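# Structural characterization, general
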Amino acid sequence: MERFYTCSCFFSDNIFLEEYKLHVRFVSENQFRKDYQNILRSLGCVSESQFRDVLGKIHAEIERRQHYALKSAERAATIKEIYTPLHQHVYYLQESFLDPEFLQLVKYCTSTDATMEGLMNLIQTEAVPRVFRFPVFRKEFCKDFIEELEHFEQSDAPKGRPNTMNNYGILLNELGFDESFITPLREVYLHPLTALLYSDCGGSCLDSHKAFVVKYAMREDLDLSYHYDNAEVTLNVSLGKDFTEGNLFFGDMRQVPLSETECVEVKHHVTEGLLHRGQHMHGALPISSGTRWNLIIWMRASREMNKLCPMCGLISVSS
């Protein structure tokens, strides 16, 4: 279930300028010139026409965000009407899709004597502080899931991009995965883990999500710039296919300046999930060959978002 938040920063903050690999905030042209014109010049945006082109892209992105909910609903209705799935079974979550090690973690977390220390002994791998790595899906499911995604990608059905940073990917709520797959995955299987691991930042009261897949391929998106997520907790699962390189990297929390941050590279194997706080800065290094699909679930807690918007740090009101 995706829930939309009415904090004004949703329209103005964290706008990504692909050409300059820069995240910006836009309130007015005067504010934007003051905050970013010198930075943009240093990145190659030197003429007034180039600057005007940047402004045009920003206004287009703000307009897209303002009409997001309506356009997404229209696309979902059209997809339901005209698209025929290749693998109908992947739309309905089954325990047979899930890795036995992941099921063991969930079983422990739902026991009456579960503790953080006991869970850490089972997880074994903490990629970097508070970034946890464990298998989520079986390889057979990943294969079928990717085949379904590629089948949809090749269809004539409308497609919305996941965000300003990913040009290739699929919004899973529009494709029909929300109620029968992502919601039970979050509520039944992920919530017991996040409640123990991230109780200090909303992990025990997650009540909505945004789920999408991103695709990296040669001559398409190769990497993902340094960023944070509009979420309390994020799950990132490597689905496949065959690719080389493309590891993730993590820095510090978004409040820490990049000049004071040392990034750590993290390997991300197929079927494995990386669970981390949404405000933990991260990115993806470029693949050097092949095609890579990742499932991303931004998990949100309205209780936390109503106290502090994860995008701008101000009080936010959910709708």
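Residues numbered from 1 in each chain as written. Predicted model: local features only at pLDDT ≥ 70, side-chain atom pairs only at ≥ 80, totals over all residues. Heavy atoms only, no water.

The cut-off we apply is this: UniProt positions are given in the numbering used here, feature names are shortened, and annotations may be inferred rather than shown by experiment.
Per an unreviewed UniProt entry, the protein chain is named 2-oxoglutarate and iron-dependent oxygenase domain containing 2, and its organism is Cyprinus carpio. Under the UniProt heading Cofactor (unreviewed entry), the note attached to the protein chain is "L-ascorbate".

### Points about the nonpolar core
If you look at soluble globular proteins, the nonpolar side chains tend to sit buried side by side. Put simply, the rule is: As used here, the term nonpolar core means buried Ala, Val, Leu, Ile, Met, Phe, Trp, Tyr and Cys residues forming a set that is joined through side-chain atoms within 4.5 Å. To sort residues, take the accessible area from a 1.4 Å probe on protein chains only and compare it with the maximum for the residue type: under 20% means buried, over 50% means exposed, and anything in between is partly exposed. Where helices and strands are cited, they refer to DSSP runs of H or I of at least four residues and of E of at least two residues respectively, numbered from the N terminus. By definition in these notes, contact holds between two residues if any of their heavy atoms fall within 4.5 Å.
Within the largest apolar cluster, 52 residues are counted, with the highest numbers of intra-cluster contacts made by F102, F137, L185 and L239. Broken down by element, the residue count for this core peaks at 7 residues, all from helix α9 (residues 178-197). Excluding residues that lie within four positions of it along the chain, F102 makes contacts with F134, P135, V136, L185, Y189, L190 and L193. Counting 20 residues, the second-largest nonpolar core is a separate cluster that includes Y68, Y216, F243 and L248.

### A look at the packing of aromatic side chains
Selection criterion: We call Phe, Tyr and Trp rings a pair once their centres come within 6.5 Å, taking the six-membered ring for Trp, and we label the pair stacked below 30 degrees between planes, edge-to-face above 60, and tilted otherwise.
Applying the stated criterion across every chain yields a total of 19 aromatic pairs. Centre to centre, the rings of F141 and F145 are 5.3 Å apart; their planes meet at 20°, and the pair counts as stacked. Of the two residues, F141 and F145 both sit in helix α7 (residues 139-153), 4 residues apart, roughly one turn of that helix. The buried category is assigned to F141, whose relative accessible area is 4%. Residue classification places F145 among the buried residues on the basis of a relative accessible area of 1%. With a centroid separation of 5.9 Å and 15° between ring planes, the pair formed by Y226 and F249 is classed as stacked.

### Considerations on the pairing of strand β10 (residues 248-253)
Heads up, the condition is: In this scheme, strands are said to pair when DSSP sees at least two bridges between them.
In terms of burial, β10 is a largely internal element, 5 of the 6 residues being buried. One ladder, built from 3 bridges, connects β10 with strand β11 (residues 264-266); its direction is antiparallel. Among the inter-strand pairings, F250 is bridged to a residue of β11, identified as V264. Where β10 lies against strand β13 (residues 280-284), 4 bridges are found, and the strand directions are antiparallel. Each bridged residue has a counterpart across the sheet, and for L248 the counterpart in β13 is A284.

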